Every structure is written in structure tokens, then in C-alpha cells.
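# Geometric and topological summary
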Amino acid sequence: MKNRSLVYSTDQGRLCPACEHPVTDCQCKDDTVIGDGKVRIALETKGRKGKGVTVVTGLPLTEDKLKTLGKKLKAQCGTGGAVKDGHIEIQGDHRQKLKDLLEKEGFSSKFTGG
């Protein structure tokens, strides 16, 4: 890390404060794996006003790859969802379909919860 406090450059645009490269070409992006490798699929309704949400946790992927997989799973299920705090939420009860899709991607998974 350099001892400059340059935040913006007219020829490069906004710069990353840590590595001082342009934000689009940042060299210090976090590429750590989020999940523990034990892929679990659960149906949650708690705190969602009775609406069921299928939650996939434990995927051993980086944050960018997790977002990409989440987008693909949402498209395959034909519904909405989100990627939050290292897990994928898919609206509705799609446990079996998600298990099949994850096995095609190479992840063995199991059902948890009631």
C-alpha cells in the first residue's frame, strides 16, 4: 500500500483506496470462499409473513460466483430471490428442483429443517 490519499484521477477515474488501481480493475478484490462445503437446502417461513423461501447455504464459492449461481438458479426456477450473507434465497418451495440443479452443477446437497 502506498502512502498517498489519491481517491480520484482524471485519467483513470475512481481509484481503490487499498491498491490505488482503478475500481474496475482493482487488484485487492476478496476471492475467499464463503461456504463450508456442506450444502444444505431448507424451506424457511419465519419472519416472512408466512411466505415460504427456499434457502441454500454452505456453497463453497466466492461471492461473485455465488451471485452468478444464484441468478442461474432463480432463472431455472422461474421465480425471484436474493443472494444474502453467503446464502441463496429462492422464493417459494423449490427444494427438490434446487437439489437436482445443484447436483448437475457438481454440488452434493441435503435437505434440512422441517
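Structure: above.
In this report, the structure presented in the accompanying data block is examined. Everything numeric here is computed off the predicted structure, so don't read it as measured data.

### Some points on the pattern of salt bridges
Under the defined criterion, the tally for this structure stands at 7 salt bridges. Close ionic contact of R48 with E44 constitutes a salt bridge, the shortest N to O distance being 3.1 Å. R48 sits in the partly exposed class, given a relative accessible area of 23%. Across the pair D93 and R95 runs a salt bridge whose closest N-O atoms are separated by 2.9 Å. Here D93 falls in the partly exposed class, since its relative accessible area comes to 47%.

### A look at the nonpolar core
If you look at the biggest cluster of nonpolar residues, it comprises 15 residues, and the most contacted ones within it are V56, L59, L69, L73, I88 and L102. Contributing elements (two or more residues each) for this core: β3 (39-44), α1 (63-77), β6 (87-91) and α2 (95-105). Here the element with the most residues in this core is α1; it accounts for 4 residues. Beyond its immediate chain neighbours, meaning those up to four positions away, L59 contacts I34, G35, V39, L66, L69, I88, L102 and F107.

### Notes on the sheet that holds β6
Spatially, β5-β6-β4-β3-β7 is the arrangement adopted by the 5 strands of the open sheet, whose pairing is mixed. At either end of the open sheet lies a strand with only one pairing partner, and these are β5 (81-84) and β7 (109-111). Sheet twist, expressed as the mean angle between neighbouring strand axes with direction ignored, is 20°. Alignment of β3 against β7, held across 3 bridges, turns out to be parallel. Opposite I41, over in β7, you have F111 as the bridge partner. Running over the sheet, α1 touches β5 and β6 and is turned about 15° from β6. Packing against the sheet, α2 makes contact with β3, β4 (53-57), β6 and β7, and its axis sits at approximately 160° to β3.

What counts as what
- Residues numbered from 1 in each chain as written.
- Predicted model: local features only at pLDDT ≥ 70, side-chain atom pairs only at ≥ 80, totals over all residues.
- Heavy atoms only, no water.
- Salt bridge = Lys/Arg side-chain N within 4 Å of Asp/Glu carboxyl O.
- Buried < 20%, exposed > 50% of the residue type's maximum accessible area, 1.4 Å probe, protein only.
- Core = buried A, V, L, I, M, F, W, Y, C linked by side-chain atoms within 4.5 Å.
- Helix = DSSP H or I, 4+ residues; strand = E, 2+ residues; numbered from the N terminus.
- Contact = heavy atoms within 4.5 Å.
- Pairing = 2+ DSSP bridges.
- Axes fitted to C-alpha atoms, helices over the stretch in contact; angles between N-to-C directions.

Honestly, that's just the spatial picture; any functional story needs more than this.
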